[in-house]
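# Architecture and fold: a report
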Protein chains: 2
Amino acid sequence: MRPGPRRSISQADIVDAAFEILEHKGMAAVSVRGVAAALGLTPTAMYTYFPSKNALLRAMVEQLLSTIDLAAASDPGVAWRDRVHAFAAMLLERLAEHAGALVLVTSGPLDGPHALGLNESLIAGFLGEGMPHADAARAALAVRAYVLGAAAIDAAERAGDAEVGAGAPSQALWTDATAFPLTAATADVASDDDGFAWGLDRLLDGLVRRAA
Amino acid sequence: MRPGPRRSISQADIVDAAFEILEHKGMAAVSVRGVAAALGLTPTAMYTYFPSKNALLRAMVEQLLSTIDLAAASDPGVAWRDRVHAFAAMLLERLAEHAGALVLVTSGPLDGPHALGLNESLIAGFLGEGMPHADAARAALAVRAYVLGAAAIDAAERAGDAEVGAGAPSQALWTDATAFPLTAATADVASDDDGFAWGLDRLLDGLVRRAA
DNA sequence: ACCTGAACACCGTTCAAGT
DNA sequence: ACCTGAACACCGTTCAAGT
């Protein structure tokens, strides 16, 4: 789809093309062959830029985190807790957007420059709250875990649209209020959208309480 | 590999075979064709038992949660917080065991009987701490998110064993302490194994504080 | 250095046909 | 109802060869 008589292509171009496919056709369509075709390349030419499909996925993670990094983490005009919320909400939105996009985050350690930059911001924030150094690092890990897990749950719920349960023989009665009364009584609350922000606030409460 | 002149096969047999493949050859080897071959079946015969590969994955999730459900959630002899820790540790261990096993949890909503049973136990625990009904449901969601996210991070770190980073052009200097001093100074702490339990305790602190 | 064409060893899924 | 065999439309990756 690129205009003109393109001569050469960058890694960033490939990552962009991959995201465009992800957005329009889902994660299952993000294949080496598919991305190559979108760029007018042969599948084998892709291996000039990335040694494997997994390397492409990891580059996608970095690009994703870079957009979040710039927008949310570095604005000193707002309070620290609000910046954490902004970062978390953006990451959740981008990851849960398409079910299956979570394989990006399991494609390898989050050790790219933008991933580390975000972690750095998180740790700095906790240090600013008066936390000891070791606790701040673990607190940053906890926040990352919560956000990623929330994205996983969100994506999973989105994935079960037109799926008929075929797991166990007799489980069609799962909506039965007598079997799981507490879950049934709070089904509307659990699907509440700002339950995510509420839980994040509780986690931050528990983390910074140690400092006070 | 099943002995004797097997005549018929159950859904549970298929799920068991799938887990055996997962344990020995990883998630990538869990294919419709591979599971069928392990059972001496033709790939097409699998569609007699499950309408799709995704349905098989969802059945695997239920089987996985059932083992955890029985062992951790229902023992009233130990304190509630300890039971949450036991449940969380078991789920983390099983999910992070093999990188890529997290696609199980994104294969669809966690609406099977054992998934709902675990959620029921969590909500009941929070109610026992004096939480309002709506908050207890959201608290259970937060705990699930934290555990799942920790599993994702764990699996991702395990996945990057013999991977050489090919994401961005110039990122080989990521260990440079000057670029990310806080992350570098706490690298040993972040990979600490009981950072998971610590973070879970902080989350529970923040959640139950509302009740007190 | 960058790219092509052919090939290898796989996928999930469908369909007609057998018993 | 359960299973087979053949087929369709795909995968990731490697290798020899071109420029």
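Since this is a predicted model, take the numbers as computed values, not measurements.

Our next topic: the interface of chain B and chain A. Chain B puts 72 residues into the contact, and the matching count from chain A is 72 residues. Both faces considered, chain B and chain A share a buried interface measuring about 6,100 Å² in area, 69% of it formed by carbon and sulfur atoms. Contact with chain A buries surface across chain B, with Arg138, Leu182 and Trp198 of chain B losing the most and accounting together for 12% of the total. At the boundary of chain B with chain A, the tally comes to two salt bridges. Its salt-bridge partner being Arg138 of chain A, residue Asp194 of chain B comes within 3.8 Å of it at the nearest N-O pair.

Let us now look at the protein's contact with DNA strand C. Around DNA strand C, a shell composed of Arg33, Thr42, Thr44, Ala45 and Tyr49 of chain A together with Ser31, Val32, Arg33, Thr44, Tyr47, Ser52 and Lys53 of chain B is seen. In DNA strand C, atoms within 4 Å of the protein come from the sugar-phosphate backbone in 45% of cases. For DNA strand C, a phosphate oxygen lies 3.2 Å from a polar atom in the side chain of Ser31 of chain B. Lys53 of chain B has a polar backbone atom sitting 2.8 Å from a phosphate oxygen of DNA strand C. Across the surface near DNA strand C, the residue classes break down as four nonpolar, five polar and three charged.

A few words on the relation of the copies chain B and chain A. Mapping chain B onto chain A leaves a residual RMSD of 0.0 Å; the transformation is a rotation of 180 degrees accompanied by 0.0 Å of translation along its axis. Both chain copies can therefore be described as sitting about a two-fold axis. Most of the interface of chain B is mirrored in chain A, where 100% of its interface residues again form contacts.

Glancing now at helix α5 (residues 113-128) of chain B. For the α-helix, the turn length of 3.6 residues means that residues three or four positions removed from each other point alike. All names here are of chain B. With 16 residues, α5 should cover 22 Å at 1.5 Å per step; its first-to-last C-alpha distance of 22 Å lies within 8% of that length. For α5, the set of buried residues is Ala115, Leu116, Gly117, Leu118, Asn119, Glu120, Leu122, Ile123, Gly125 and Phe126. Immediately downstream of α5, the backbone of Gly130 shows phi near 90 degrees, a positive value.

Before going further, it helps to examine the packing of aromatic side chains. Think of a pair of aromatic rings as described by two things: how far the centres are apart, and how the planes are tilted against each other in angle. Taken as a whole and assessed by the stated rule, the structure comprises four aromatic pairs over all chains. Summarising the aromatic geometry, the rings of Trp80 of chain A and Phe126 of chain A are spaced 4.9 Å apart at their centres and angled 70 degrees between planes, so their arrangement reads as edge-to-face. Residue Trp80 of chain A is found in helix α4 (residues 80-96), and its partner Phe126 of chain A is found in helix α5 (residues 113-128); the two are separated by 46 residues along the sequence. Geometrically, the ring pair formed by Tyr146 of chain B and Phe196 of chain B is stacked, given 5.5 Å between the ring centres and 5 degrees between the ring planes. With Tyr146 of chain B in helix α6 (residues 133-159) and Phe196 of chain B in helix α9 (residues 195-208), the pair connects residues that are 50 residues apart, well separated along the chain.

Counting residues in hydrophobic clusters, the biggest one holds 130 residues, and the most contacted among them are Met60, Phe126 and Val143 of chain A together with Met60, Phe126 and Val143 of chain B. With residues near it in sequence (within four places) discarded, Val143 of chain A still touches Val84, Phe87, Leu122, Phe126, Leu200, Leu203, Leu204 and Leu207 of chain A.

Residue and element names in this part refer to chain B. Interaxial distance between helix α4 (residues 80-96) and α5 falls to 10 Å at its minimum, and their mutual angle equals 150 degrees. With respect to each other, α4 and α5 are oriented roughly antiparallel. Classified by chirality, the crossing of α5 by α4 is left-handed. Of the residues in α5, those touching α4 at Trp80, Val84 and Phe87 are Leu118, Ser121, Leu122, Gly125 and Phe126.

What counts, and where the lines are drawn
- Residues numbered from 1 in each chain as written.
- Chains lettered and ligands numbered in written order.
- Predicted model: local features only at pLDDT ≥ 70, side-chain atom pairs only at ≥ 80, totals over all residues.
- Heavy atoms only, no water.
- Contact = heavy atoms within 4.5 Å.
- Buried area = accessible area lost by both parts, 1.4 Å probe.
- Salt bridge = Lys/Arg side-chain N within 4 Å of Asp/Glu carboxyl O.
- Near = heavy atom within 4 Å.
- Polar contact = N/O pair within 3.5 Å; in protein donor to acceptor, adjacent residues only side chain to side chain.
- Nonpolar A, V, L, I, M, F, W, Y, C, P; charged D, E, K, R; others polar.
- Least-squares fit on C-alpha atoms with pLDDT ≥ 70 in both.
- Helix = DSSP H or I, 4+ residues; strand = E, 2+ residues; numbered from the N terminus.
- Expected span 1.5 Å × (residues − 1).
- Buried < 20%, exposed > 50% of the residue type's maximum accessible area, 1.4 Å probe, protein only.
- Phe/Tyr/Trp six-rings, centres within 6.5 Å; stacked < 30°, edge-to-face > 60°.
- Core = buried A, V, L, I, M, F, W, Y, C linked by side-chain atoms within 4.5 Å.
- Axes fitted to C-alpha atoms, helices over the stretch in contact; angles between N-to-C directions.
- Parallel < 35°, antiparallel > 145°, perpendicular 65-115°, else oblique.
- Left-handed = near helix turned anticlockwise from the far one by under 90°.

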